[in-house]
Amino acid sequence: MDNFQKEIDERANLALSNKFELLLFRLGSDQLKGKSELYGINVFKLREIVPMPTITRAAGMQSPLLGMASIRGQFIPVIDLPAVTGCKPETGLNLLLVTEYARSTQAFAVESVENIVRLDWSQVHTAEAGIGSRNITSIACLDTDGQSNNLAMVLDVEQILYDIIPSVRGVEPSAETAKDFNLKPGQVAIVAEDSKVARQLLEQGLKSMGIPAIMHNTGLEAWIKINEMQKEAAANGESIHDKIALVLTDLEMPEMDGFTLTRNIKRDNNLRQIPVVIHSSLSGSANEDHVRKVGADGYVAKFEINELSNVIHGVLKKPR
């Protein structure tokens, strides 16, 4: 048990150095490309890997939902991941990846698991411009030199769950979502989120709150924008705090993760008073501990827009 906890702690501490671990797996032959591709998900979202159990199919349940499985006494939905990605397993669906996302537990059926690799987020690049699939959020280069074709496609699990399981879509904004946030004229929220569906939900949610937002796909893009705004403010004799009301960031993102973005902001004397709220599908005490270590002002698990509104209201009301 001590060794197991040590391993968990080591993986948690990777987040403080812009690193993470990626579980690599295969889904079979891609029906369009005619070859087997490597896919990946963050190990932190993985609860366990189990052999394919008996699946109970409920009436009316349609592909890519396979049915329900009992895992350690808990009935959870099982998603046929090859069906989602357009792949055909050569040896069948042999394993379940049991994951925890956005306050929900589900299992993904896969053909095989390869291994776990430790990467820097700088080795991961956003895929939206070059990959047509709505279910791929980024591409991970598995070699440190970044020059090889040894790549893995990182799944946008939030998009997959949003499309398949309505219960993960969160609560609609209520009348209480729109509060008095006391924003100054011209102030905006800087948002960093790599999942397209999560960005859309956040943009809609912030609009319902009356908070203008500038959206970014990665933490690095957001950090570059913040620095540009800081230089513009200084050149005009203005305060950056008159420009940026808060920063809202995911944790897992290509190029620069949310922990690193937050740490960069809080280490800069001119930026450190800007409130930072982390909005992530990664949950658990280890991540919440890291949120405190990097100096974030708030943490909200996805997707509950009214709770997010309350947290943003709270951090904006704090004296600075």
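Please read these numbers as outputs of a predicted model, since none were measured by experiment.

Asks: I'd like a rundown of the overall build of the protein, residues and numbers included.
Replies: Check the secondary structure of the protein and you find eight helices and 17 strands. Among the 320 residues that make up the protein, the fraction classed as buried is 52%. Contacts in the protein between residues far apart in sequence, at least 24 positions, make up 64% of those at least 6 positions apart. Accessible surface, the protein as shown: approximately 14800 Å² in total, 49% of it carbon and sulfur.

Asks: Outline the nonpolar core, supporting the account with residue identities and numerical values.
Replies: Core analysis: the largest hydrophobic core is formed by 27 residues, its most contacted members being Phe25 and Leu81. Secondary-structure elements contributing two or more residues to this core are strand S1 (19-30), strand S2 (36-42), helix H2 (81-85), strand S7 (95-101), strand S8 (104-110), strand S11 (136-141), strand S12 (151-155) and helix H3 (157-164). When residues of this core are assigned to their parent elements, the largest contribution, four residues, is made by H3.

Asks: Just give me the short version of empty space enclosed by the protein, but keep the residues and values in it.
Replies: Inspection of the entire model under this criterion finds two cavities of 30 Å³ or more. Of the voids in this model, the largest cavity is the one considered here, and its volume is about 180 Å³. In this structure, the largest cavity is lined by 19 residues; those nearest its centre are Lys45, Thr137, Leu155, Asp194 and Glu252. Per-element accounting of the lining of the largest cavity gives the leading share, three residues, to S2. Its residues assigned to classes, the lining of the largest cavity comprises eight nonpolar, five polar and six charged.

Asks: Outline the side chain of Glu158, listing residues and values.
Replies: Here Glu158 is to be found in helix H3. Among the polar contacts made by the side chain of Glu158, one reaches the side chain of Ser195 at a distance of 3.3 Å. With near-sequence residues (within four places) excluded, Glu158 lies in contact with Lys45, Glu193, Ser195, Val197, Ala198, Ser281, Lys302 and Phe303.

Asks: Mind laying out unusual backbone geometry, listing which residues take part and the relevant values?
Replies: Looking along the chain, the bond that leaves Ser63 and enters Pro64 is cis, with omega of 10°. Mapped onto the secondary structure, Pro64 falls in the loop between strand S3 (46-51) and strand S4 (65-71). Even without glycine at this site, Asn182 takes up a positive phi of about 55°. Assignment of secondary structure puts Asn182 in the loop between H3 and strand S13 (188-192).

Asks: With reference to specific residues and values, describe helix H4 (residues 196-209).
Replies: Compared with the 20 Å implied by 1.5 Å per residue over 14 residues, the 20 Å span of H4 between its first and last C-alpha is a close match. Along H4, the positions that sit buried rather than exposed are Val197, Ala198, Arg199, Leu201, Leu202, Gly205, Leu206 and Met209. The secondary structure elements touched by the buried residues of H4 are H3, S13, strand S14 (213-216), strand S15 (244-249), strand S16 (276-280) and helix H8 (305-317).

Asks: So what's going on with the environment of Arg118? Which residues, and what values?
Replies: Mapped onto the elements of the fold, Arg118 is located in strand S9 (residues 112-120). A distance of 2.9 Å separates a polar atom in the side chain of Arg118 from a polar atom in the side chain of Glu21.

Asks: Please give an account of H3 that cites residues and values.
Replies: For H3, a buried count of six out of eight residues is recorded, marking the element as mostly surrounded by other parts of the structure. Regarding H3, the residues found buried are Val157, Glu158, Gln159, Ile160, Leu161 and Ile164.

Asks: Could you give an account of the UniProt feature "modified residue: 4-aspartylphosphate" (unreviewed entry) in the protein, naming the residues involved and the relevant values?
Replies: Following the UniProt record, one finds the feature "modified residue: 4-aspartylphosphate" (unreviewed entry) at Asp250. You can see Asp250 is positioned in the loop between S15 and helix H6 (258-267). Judged by relative accessible area, which is 3%, Asp250 ranks as buried. Contacts of Asp250, omitting those with residues within four sequence positions, involve Ala192, Glu193, Asp194, Gly258, His279, Ser280 and Lys302.

Cut-offs used in this document
Residues numbered from 1 in each chain as written. Predicted model: local features only at pLDDT ≥ 70, side-chain atom pairs only at ≥ 80, totals over all residues. Heavy atoms only, no water. Helix = DSSP H or I, 4+ residues; strand = E, 2+ residues; numbered from the N terminus. Buried < 20%, exposed > 50% of the residue type's maximum accessible area, 1.4 Å probe, protein only. Contact = heavy atoms within 4.5 Å. Areas by Shrake-Rupley, 256 points an atom, 1.4 Å probe, with all protein chains shown as cover. Core = buried A, V, L, I, M, F, W, Y, C linked by side-chain atoms within 4.5 Å. 1 Å grid on protein atoms, 1.4 Å probe; cavity = no way out; pocket = protein on both sides within 12 Å on 5 of 7 lines; lining within 4 Å. Points joined across faces, edges and corners; volume = space filled by probe spheres on them. Nonpolar A, V, L, I, M, F, W, Y, C, P; charged D, E, K, R; others polar. Polar contact = N/O pair within 3.5 Å; in protein donor to acceptor, adjacent residues only side chain to side chain. Expected span 1.5 Å × (residues − 1). UniProt positions renumbered as here; feature names shortened; annotations may be inferred.

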